[in-house]
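Close look at the chain arrangement
Here is what each chain is made of, one letter per residue.
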Amino acid sequence: TTFTWDIHGQELWPFLLAGAKVVLPPNDSQTNFKALEQFVERTHPTHAGAVPTITSLYLKRHSFGEAIRYLWVSGEALPRDVAQLVFSKHPDVTLYNWYGPTETAVWTTVTKVDKNDAESTGASIWPIGQPFAERECYILNESRTEIINTVGTTGELFVGGICLAEGYINDE
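Everything numeric in this text was worked out from a predicted model, so none of it was measured. (Residues numbered from 1 in each chain as written. Predicted model: local features only at pLDDT ≥ 70, side-chain atom pairs only at ≥ 80, totals over all residues. Heavy atoms only, no water.)

**What about the sheet that holds strand β3 (residues 94-99)?**
Hydrogen bonding along the main chain pairs the strands of a sheet, whether they run parallel or antiparallel. Here we have five strands laid out as an open sheet, ordered β1-β2-β3-β4-β5, and mixed in their pairing. Two strands close off the open sheet at either side, each with one partner strand: β1 (47-50) and β5 (130-131). (Pairing = 2+ DSSP bridges. Helix = DSSP H or I, 4+ residues; strand = E, 2+ residues; numbered from the N terminus.)

**Considering the packing of aromatic side chains**
Enumeration according to the criterion identifies five aromatic pairs in this entry. Ring centres of Tyr96 and Trp98 lie 6.2 Å apart, and the angle between their planes is 45 degrees; this geometry places the pair in the tilted category. On the basis of relative accessibility, which here comes to 26%, the residue Tyr96 falls in the partly exposed class. Summarising the aromatic geometry, the rings of Trp98 and Phe132 are spaced 5.5 Å apart at their centres and angled 20 degrees between planes, so their arrangement reads as stacked. Pair noted here: Trp98 is in strand β3 and Phe132 is in the loop between β5 and β6 (135-140), with a separation of 34 residues, a long-range link. Members of the aromatic cluster, each reached through a chain of ring pairs, are Tyr96, Trp98, Trp107 and Phe132. (Phe/Tyr/Trp six-rings, centres within 6.5 Å; stacked < 30°, edge-to-face > 60°. Buried < 20%, exposed > 50% of the residue type's maximum accessible area, 1.4 Å probe, protein only.)

**Topic: the pattern of salt bridges**
Under the criterion given, the structure shown has two salt bridges. With its nearest N and O atoms 3.3 Å apart, the salt bridge here joins Lys34 to Glu37. You can see Lys34 and its partner Glu37 sitting in helix α2 (residues 33-43), three residues apart, about one turn around the helix. Across the pair Arg144 and Glu156 runs a salt bridge whose closest N-O atoms are separated by 3.7 Å. Here Glu156 lies in strand β7 (residues 156-161) and Arg144 lies in the loop between β6 and β7, a separation of twelve residues in the sequence. (Salt bridge = Lys/Arg side-chain N within 4 Å of Asp/Glu carboxyl O.)

So, in structure tokens, the structure goes:
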């Protein structure tokens, strides 16, 4: 992610504050997989993150290298077949699915993708997981009057907690 995207802070600062070395891939790495492959071979990353689409396209012909230990995906829904592809290429990786709209400072929920569950049949899209501390998530019905607690029920996701401002500027 470039520095112009809101998510870069959550992708960089935790690692820097923990004393890790952060290496950034070439600017064209989302479209030039050969350059990304050379970067991976040169730097041996242990952690990486990408949207599921890029993860899938890259892993169909390449690998994140033998050093990879943690991979997170965010920015769009995680299809079960992409999770399966990740584990087929990197059986020992720890995979996380992060979710959150920009209005919540990017990440609101997370789930650790269980390798055995990813390999089983089930929903085609991986669940978004549980909210982080001091965040709340509710599925509301169409009239926004009732919280739906049934797994698999369709509704609209509402998020609350410290991750939200009190409104938008100039929004009456």
